[in-house]
Amino acid sequence: MFAPRAVDSRDKTEMYRELAQQLASLMAGESDAIANAANVSALLFQTLPDLNWAGFYFLHGDTLVLGPFQGRPACLRIPFGKGVCGTAIRLGRPVLVEDVHEFPGHIACDPNSAAELVIPIIDGERVLGVLDLDSPVRGRFDERDLAGFQRLVDILVSHQRRWPEEFARLAR
Ligand code: SME
(Lines give C-alpha, C1' and ligand atoms only; values in the text may rest on other atoms or scores of the structure.)
Protein backbone atom coordinates (compact mmCIF):
# COMPACT_ATOMS: atom_id res chain seq x y z
CA MET A 1 0.00 0.00 0.00
CA PHE A 2 1.18 3.52 -0.77
CA ALA A 3 1.95 5.69 2.26
CA PRO A 4 2.76 9.36 1.58
CA ARG A 5 6.18 10.26 2.98
CA ALA A 6 6.66 13.51 4.81
CA VAL A 7 8.33 16.16 2.69
CA ASP A 8 10.67 18.84 3.98
CA SER A 9 8.94 22.06 2.91
CA ARG A 10 11.92 24.27 3.82
CA ASP A 11 13.78 23.33 0.65
CA LYS A 12 11.25 23.74 -2.16
CA THR A 13 13.45 22.27 -4.89
CA GLU A 14 13.99 19.12 -2.85
CA MET A 15 10.35 19.06 -1.77
CA TYR A 16 9.01 19.05 -5.35
CA ARG A 17 11.62 16.50 -6.43
CA GLU A 18 10.43 14.20 -3.64
CA LEU A 19 6.77 14.86 -4.49
CA ALA A 20 7.43 14.09 -8.16
CA GLN A 21 8.80 10.68 -7.17
CA GLN A 22 5.86 9.97 -4.90
CA LEU A 23 3.42 11.05 -7.62
CA ALA A 24 4.99 8.72 -10.18
CA SER A 25 4.85 5.71 -7.86
CA LEU A 26 1.30 6.58 -6.76
CA MET A 27 0.04 6.43 -10.37
CA ALA A 28 2.15 3.47 -11.50
CA GLY A 29 -0.02 0.82 -13.14
CA GLU A 30 -3.25 2.84 -13.00
CA SER A 31 -4.74 4.28 -16.20
CA ASP A 32 -8.02 5.73 -14.90
CA ALA A 33 -7.78 9.53 -15.03
CA ILE A 34 -10.29 10.20 -12.24
CA ALA A 35 -8.66 7.68 -9.90
CA ASN A 36 -5.24 9.21 -10.52
CA ALA A 37 -6.51 12.79 -10.13
CA ALA A 38 -8.20 11.82 -6.85
CA ASN A 39 -4.98 10.42 -5.42
CA VAL A 40 -2.93 13.36 -6.69
CA SER A 41 -5.20 15.82 -4.86
CA ALA A 42 -4.97 13.71 -1.68
CA LEU A 43 -1.17 13.48 -1.91
CA LEU A 44 -0.80 17.25 -2.34
CA PHE A 45 -3.29 18.11 0.39
CA GLN A 46 -1.76 15.67 2.88
CA THR A 47 1.89 16.51 2.32
CA LEU A 48 2.06 20.25 1.58
CA PRO A 49 1.77 22.96 4.24
CA ASP A 50 -0.71 25.84 4.16
CA LEU A 51 -3.23 24.54 1.63
CA ASN A 52 -6.98 24.72 2.18
CA TRP A 53 -7.97 23.30 -1.22
CA ALA A 54 -6.18 21.14 -3.80
CA GLY A 55 -7.91 19.62 -6.76
CA PHE A 56 -9.02 19.52 -10.34
CA TYR A 57 -11.54 21.03 -12.72
CA PHE A 58 -11.94 19.33 -16.09
CA LEU A 59 -13.16 21.05 -19.23
CA HIS A 60 -16.40 19.86 -20.77
CA GLY A 61 -16.65 22.00 -23.90
CA ASP A 62 -16.21 25.56 -22.65
CA THR A 63 -17.04 24.90 -19.00
CA LEU A 64 -14.75 23.75 -16.21
CA VAL A 65 -16.53 21.11 -14.14
CA LEU A 66 -15.43 20.18 -10.61
CA GLY A 67 -13.28 17.06 -10.45
CA PRO A 68 -11.54 15.20 -7.62
CA PHE A 69 -10.36 17.48 -4.82
CA GLN A 70 -9.57 17.83 -1.12
CA GLY A 71 -10.94 20.73 0.90
CA ARG A 72 -14.32 22.37 1.34
CA PRO A 73 -17.10 21.73 -1.16
CA ALA A 74 -16.47 24.04 -4.11
CA CYS A 75 -18.32 25.65 -7.00
CA LEU A 76 -19.36 23.04 -9.53
CA ARG A 77 -18.93 24.87 -12.84
CA ILE A 78 -16.67 27.71 -13.97
CA PRO A 79 -17.23 29.20 -17.45
CA PHE A 80 -14.30 29.66 -19.82
CA GLY A 81 -12.44 32.88 -18.96
CA LYS A 82 -14.07 33.31 -15.51
CA GLY A 83 -12.25 33.35 -12.18
CA VAL A 84 -8.61 32.37 -11.77
CA CYS A 85 -9.25 28.89 -13.19
CA GLY A 86 -11.07 30.10 -16.30
CA THR A 87 -8.40 32.75 -16.83
CA ALA A 88 -5.62 30.12 -16.75
CA ILE A 89 -7.55 28.14 -19.38
CA ARG A 90 -8.14 31.21 -21.55
CA LEU A 91 -4.46 32.22 -21.38
CA GLY A 92 -3.18 28.64 -21.70
CA ARG A 93 -0.63 29.21 -18.98
CA PRO A 94 -0.39 29.08 -15.16
CA VAL A 95 -1.78 31.93 -13.08
CA LEU A 96 -0.20 32.73 -9.72
CA VAL A 97 -2.24 35.04 -7.47
CA GLU A 98 -0.53 36.35 -4.36
CA ASP A 99 -3.69 37.95 -2.99
CA VAL A 100 -7.02 36.73 -4.36
CA HIS A 101 -8.77 39.87 -3.10
CA GLU A 102 -6.83 41.83 -5.70
CA PHE A 103 -7.72 39.52 -8.59
CA PRO A 104 -10.75 40.94 -10.44
CA GLY A 105 -13.37 38.23 -10.90
CA HIS A 106 -11.85 35.80 -8.42
CA ILE A 107 -14.48 33.18 -7.49
CA ALA A 108 -14.47 32.67 -3.72
CA CYS A 109 -15.44 29.07 -2.93
CA ASP A 110 -13.87 29.18 0.53
CA PRO A 111 -13.73 32.56 2.32
CA ASN A 112 -10.45 31.45 3.94
CA SER A 113 -8.60 31.39 0.62
CA ALA A 114 -6.04 34.18 0.30
CA ALA A 115 -3.63 32.96 -2.41
CA GLU A 116 -4.16 30.73 -5.42
CA LEU A 117 -2.13 28.91 -8.05
CA VAL A 118 -3.75 27.39 -11.14
CA ILE A 119 -1.89 25.20 -13.64
CA PRO A 120 -3.66 24.30 -16.89
CA ILE A 121 -3.55 20.66 -17.93
CA ILE A 122 -2.63 20.55 -21.60
CA ASP A 123 -1.87 17.40 -23.58
CA GLY A 124 -0.67 18.36 -27.05
CA GLU A 125 -3.60 20.17 -28.68
CA ARG A 126 -6.07 19.15 -25.98
CA VAL A 127 -6.75 21.57 -23.15
CA LEU A 128 -8.14 19.25 -20.49
CA GLY A 129 -8.61 21.23 -17.31
CA VAL A 130 -6.70 22.71 -14.40
CA LEU A 131 -4.97 21.81 -11.18
CA ASP A 132 -6.11 24.41 -8.63
CA LEU A 133 -4.38 25.12 -5.31
CA ASP A 134 -5.69 27.49 -2.65
CA SER A 135 -3.98 28.72 0.48
CA PRO A 136 -5.18 30.70 3.51
CA VAL A 137 -1.76 32.43 3.54
CA ARG A 138 -1.34 35.50 1.35
CA GLY A 139 1.75 35.16 -0.86
CA ARG A 140 1.93 31.39 -0.17
CA PHE A 141 2.93 30.53 -3.76
CA ASP A 142 6.03 31.76 -5.56
CA GLU A 143 7.84 30.97 -8.80
CA ARG A 144 9.44 27.86 -7.28
CA ASP A 145 5.99 26.52 -6.38
CA LEU A 146 4.79 27.31 -9.89
CA ALA A 147 7.71 25.40 -11.41
CA GLY A 148 7.23 22.52 -8.95
CA PHE A 149 3.50 22.13 -9.60
CA GLN A 150 4.05 22.49 -13.35
CA ARG A 151 6.44 19.54 -13.13
CA LEU A 152 3.84 17.51 -11.24
CA VAL A 153 1.21 18.30 -13.90
CA ASP A 154 3.71 17.35 -16.63
CA ILE A 155 4.20 13.97 -14.90
CA LEU A 156 0.44 13.47 -14.70
CA VAL A 157 -0.01 14.33 -18.39
CA SER A 158 2.83 12.11 -19.58
CA HIS A 159 1.54 9.24 -17.43
CA GLN A 160 -2.08 9.60 -18.52
CA ARG A 161 -2.09 8.20 -22.06
CA ARG A 162 -5.90 8.21 -22.28
CA TRP A 163 -8.31 10.86 -21.01
CA PRO A 164 -12.10 10.50 -20.87
CA GLU A 165 -13.58 11.49 -24.24
CA GLU A 166 -15.82 14.15 -22.72
CA PHE A 167 -12.84 16.09 -21.30
CA ALA A 168 -11.30 18.80 -23.42
CA ARG A 169 -11.56 21.79 -25.52
CA LEU A 170 -9.93 20.88 -28.76
CA ALA A 171 -8.56 24.10 -30.13
CA ARG A 172 -5.88 25.96 -28.26
N1 SME B 1 -11.03 30.45 -6.89
C2 SME B 1 -11.29 29.75 -8.11
C3 SME B 1 -12.54 28.91 -8.03
C4 SME B 1 -12.30 27.51 -7.61
S5 SME B 1 -12.02 27.34 -5.96
O6 SME B 1 -10.87 28.12 -5.53
C7 SME B 1 -11.87 25.77 -5.50
C8 SME B 1 -11.38 30.72 -9.27
O9 SME B 1 -11.40 31.93 -9.07
O10 SME B 1 -11.43 30.26 -10.41
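The structure this text deals with has already been given above.
My aim in this report is to walk through the structure given alongside it, one point at a time.

**Concerning the overall build of the chain**
A tally of helices and strands in the chain yields four helices and six strands. The linear arrangement of helices and strands in the chain, starting from the amino end, is α-α-β-β-β-α-β-β-β-α. Taking 2.2 N^0.38 as the reference for a compact globule, 172 residues should give roughly 16 Å; the C-alpha atoms of the chain span a radius of gyration of 15 Å, in line with that estimate. Along the first, second and third principal axes, the C-alpha atoms of the chain reach 35 × 35 × 25 Å. The proportion of buried residues among the 172 residues of the chain is 35%. A sequence separation of at least 24 residues applies to 56% of the contacts in the chain between residues at least 6 apart.

**Describing the sheet that holds strand 5 (residues 115–123)**
Ordered by their spatial adjacency, six strands build an open sheet running 3-2-1-6-5-4, and the pairing between neighbours is antiparallel. What marks the edges here is a single partner per strand, and that holds for strand 3 (77–79) and strand 4 (95–97). Strand after strand, the sheet turns through a mean of 20° between neighbouring axes, direction not considered. By the bridge criterion, seven bridges tie strand 1 (residues 53–60) to strand 2 (residues 63–71) in an arrangement that is antiparallel. Among the inter-strand pairings, Tyr57 is bridged to a residue of strand 2, identified as Leu66. Where helix 3 (residues 83–91) meets the sheet, its contacts fall on strand 1, strand 2, strand 3, strand 4, strand 5 and strand 6 (126–135), and the angle it forms with strand 5 comes to roughly 35°. Where helix 4 (residues 143–159) meets the sheet, its contacts fall on strand 4, strand 5 and strand 6, and the angle it forms with strand 5 comes to roughly 30°.

**Re the site of the ligand**
Neighbouring residues of the ligand: 14 residues in total, closest Gly83, Val84, Cys85, Ile107 and Cys109. Only helix 3 and strand 6 provide two or more residues apiece to the shell around the ligand. The element contributing the most residues to the shell around the ligand is helix 3, with three residues. Looking at the shell around the ligand residue by residue, the class counts come to eight nonpolar, three polar and three charged.

**Regarding helix 2 (residues 33–47)**
With 15 residues, helix 2 should cover 21 Å at 1.5 Å per step; its first-to-last C-alpha distance of 21 Å lies within 8% of that length. Turning to helix 2, its buried residues number three or more, namely Ala33, Ala37, Val40, Ser41, Leu43 and Leu44. Looking down the long axis of helix 2, one finds its buried residues gathered within 160° of arc, a one-sided arrangement. Contacts made by the buried residues of helix 2 are with helix 1 (12–27), strand 1, strand 2 and helix 4.

**A closer look at unusual backbone geometry**
Even without being glycine, Asp50 reaches a positive phi, approximately 55°. Structurally, Asp50 can be placed in the loop between helix 2 and strand 1. Judged by the 13 C-beta atoms lying within 10 Å of it, Asp50 is partly exposed.

Procedures and definitions
- Residues numbered from 1 in each chain as written.
- Predicted model: local features only at pLDDT ≥ 70, side-chain atom pairs only at ≥ 80, totals over all residues.
- Helix = DSSP H or I, 4+ residues; strand = E, 2+ residues; numbered from the N terminus.
- Rg over C-alpha atoms; globule rule 2.2 N^0.38 Å.
- Buried ≥ 20, exposed ≤ 12 C-beta atoms within 10 Å, placed from the backbone.
- Contact = placed C-beta atoms within 7 Å.
- Pairing = 2+ DSSP bridges.
- Axes fitted to C-alpha atoms, helices over the stretch in contact; angles between N-to-C directions.
- Near = placed C-beta within 6 Å.
- Nonpolar A, V, L, I, M, F, W, Y, C, P; charged D, E, K, R; others polar.
- Expected span 1.5 Å × (residues − 1).
- Arc of directions from axis to C-beta.

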